[in-house]
There are 2 protein chains.
Amino acid sequence: MNRPAALTLVEPLDRQTLGERAYGQLAELLISGRLAPGEKLSLRTAAEVLGVSIMPVREAVSRLVADKALEVAANRAVRVPVMSSSQFRDLTRVRISIEGHAAAEAARHRGDDDMVAIARSEAAMRAESEAAMPDLPRAVELNKHFHFDVYNAARSPILVEIIRALWLKAGPVINLDLRGNPDRLAKGDAVRFHADVLRAITSGDADAARAGIAADITGAADFILSRGSLAD
Amino acid sequence: MNRPAALTLVEPLDRQTLGERAYGQLAELLISGRLAPGEKLSLRTAAEVLGVSIMPVREAVSRLVADKALEVAANRAVRVPVMSSSQFRDLTRVRISIEGHAAAEAARHRGDDDMVAIARSEAAMRAESEAAMPDLPRAVELNKHFHFDVYNAARSPILVEIIRALWLKAGPVINLDLRGNPDRLAKGDAVRFHADVLRAITSGDADAARAGIAADITGAADFILSRGSLAD
DNA sequence: TGCCGTGATCTGTGATCACAGTTAGAGTGA
DNA sequence: TCACTCTAACTGTGATCACAGATCACGGCA
């Protein structure tokens, strides 16, 4: 353990494999809804776009397929799954119970740093939402940021990971519409629910935090279902 | 669309890729605890054992790594993650809330066929447990069977999938000990809790079902923690 | 005896090729 | 104009090779 003092400064530099980076890129596309349900995705063209060979893309896609965020059809075509309305309802129920639970835990275990982060991302989302001409893709991103700041405050890495997988499935269905439709954002429901959640977590009211997240998820889901673009 | 009548009988024969089969095999090893935490797994040797090239194994392993059921260390060695006791406590808390929720939903939505399946697997586990010389690996398998029969009765494929991923993480820690140690099985806690769950689901008592599953999970977790073989 | 360099052998990662199956579209016939 | 056929260009899957980095045992030096 006798090493030059200068070497104590270098950090282990997390070597990220190309496969992981490809996974991150594709996951971001899915969560933010830039990939529509039913849209096909070719390994080779994706590899070309990402500037790598097909191998890293294969790994990324196989992981996403395992998460059911992508599916490979019988025709051997990889695509974003099309969700029936009953499947969407199941997903929404599960999200309410799990994300609601995470919010409740956040109200119990949040530290001061968590509060700072949550308050800041709540303010950012509110500002964007009340702007004269809201940037919808940015609002989607800020919404995600707020939610995960809340979930991280639950201090349960496993729970956060599960929720991330749920968002991977829900993203294409929910955020695709939200990115192009200012209606729901303008209505201000999300912003109001977020304020409720922030208040509940600040005061340590677990039940209110759960209810706020549940209302937010329900509101978005009802909006999607009312548009009637889902199969079945 | 004009084809011989006999052909209408053949099912589409789900063409399982070698990668999927490799995944299934490795996942079973993990859930049943035949792979110990810290144990290394070489792609090439695994491929040789499975009688395929390294490619299908790569896909299977990358999926399991994505689920955090395996990890690739900085040394580039794939191994079963070693879990600290605090990580194990986090995992246990999450399992209680999610599997408990699934049991409660099962009590609400179970059909007659679900009841038959649950009752049968409860009886099988009880019989094995009360045998003069219980077959421990078989008891582990029957325990898994009972739990998933319950969870399937919740009629939420997404929930079941999430729980499967949790068992992938918990299997090596819990079932490794259980496979070799008759103490807990002999004590009969699991069998008693299972009977509670069966009764609760039969009568539609969601809270009791949740409590029964929670007690079962807690009992197993306490047993593991009391053995003190976890890091930290 | 203790330490450090060195090379053989392992590791996962990535690229490339081969293959079977599917799809789309041009071409041909009526 | 429509229906059919056949081919060419795709699809994912799997095998094989190449490579950089890690590990470990051996051997020489202090």
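These figures come from a predicted structure and were not determined experimentally.

Participant: Mind laying out the protein's contact with DNA strand C, listing which residues take part and the relevant values?
Facilitator: The environment of DNA strand C is formed by 19 residues, the closest being Leu-18, Ser-53 and Asn-75 of chain A together with Ser-42 and Leu-43 of chain B. Listing elements by their share of the surface near DNA strand C, those giving two or more residues are α1 (18-31) and α3 (54-66) of chain A together with α2 (43-50) of chain B. Taken together, the residues that form the surface near DNA strand C break down as nine nonpolar, six polar and four charged.

Participant: Go over helix α7 (residues 157-180) of chain B, please, and point to the residues and values.
Facilitator: Given a rise of 1.5 Å per residue, 24 residues ought to cover 34 Å, and the 32 Å separating the end C-alpha atoms of α7 of chain B matches this to within 8%. At Gly-171 of chain B, α7 of chain B shows its strongest bend, of approximately 55°, with the proline Pro-172 of chain B following within four residues.

Participant: Go over the relation of the copies chain B and chain A with me, naming the residues and quoting the values.
Facilitator: The transformation that overlays chain B on chain A combines an axial shift of 0.0 Å with a rotation of 180°, and the residual RMSD is 0.0 Å. On the angle and the small slide along the axis, the relation comes out as a two-fold axis. If distances are taken from each C-alpha of chain B to the rotation axis, the shortest is found for Arg-63 of chain B, at 2.5 Å. Here 100% of the interface residues in chain B have copies in chain A that are interface residues too; the copies meet face to matching face.

Participant: Give me the packing of α1 of chain A against α3 of chain A: which residues, what numbers.
Facilitator: Helices that pack against each other are described as a pair by the angle of their axes relative to one another and the distance between those axes. All names here are of chain A. The geometry of α1 relative to α3 is characterised by a closest axis approach of 8 Å and an angle of 50° between their N-to-C directions. Of the possible angle classes, the one that applies to α1 and α3 is oblique. Once α1 is placed against α3, the crossing between them reads as right-handed. Here Leu-18, Gly-19, Ala-22, Tyr-23, Leu-26 and Ala-27 of α1 come into contact with α3, specifically with Pro-56, Val-57, Glu-59, Ala-60, Arg-63 and Leu-64. Split by residue class, the contact of α1 with α3 holds nine nonpolar, one polar and two charged.

Participant: Tell me about the interface of chain B and chain A, and please be specific about residues and values.
Facilitator: Taken together, the contacts link 16 residues of chain B with 16 residues of chain A. Tallying contributions element by element places helix α4 (residues 85-109) of chain B first for the side of chain B that touches chain A, with seven residues. Looking at the side of chain B that touches chain A, its residues break down into eight nonpolar, four polar and four charged.

Participant: Lay out unusual backbone geometry with the relevant residues and their values.
Facilitator: A positive phi is found at Lys-68 of chain A, a non-glycine position, where the angle reads about 60°. A positive phi angle is found at Arg-155 of chain B, which is not glycine, with a value near 60°. Position of Arg-155 of chain B relative to the elements: it lies in the loop between α6 (136-152) and α7.

Criteria and cut-off values
Residues numbered from 1 in each chain as written. Chains lettered and ligands numbered in written order. Predicted model: local features only at pLDDT ≥ 70, side-chain atom pairs only at ≥ 80, totals over all residues. Near = placed C-beta within 6 Å. Helix = DSSP H or I, 4+ residues; strand = E, 2+ residues; numbered from the N terminus. Nonpolar A, V, L, I, M, F, W, Y, C, P; charged D, E, K, R; others polar. Expected span 1.5 Å × (residues − 1). Bend = angle between axes of the 7 residues up to and from the residue. Least-squares fit on C-alpha atoms with pLDDT ≥ 70 in both. Contact = placed C-beta atoms within 7 Å. Axes fitted to C-alpha atoms, helices over the stretch in contact; angles between N-to-C directions. Parallel < 35°, antiparallel > 145°, perpendicular 65-115°, else oblique. Left-handed = near helix turned anticlockwise from the far one by under 90°.

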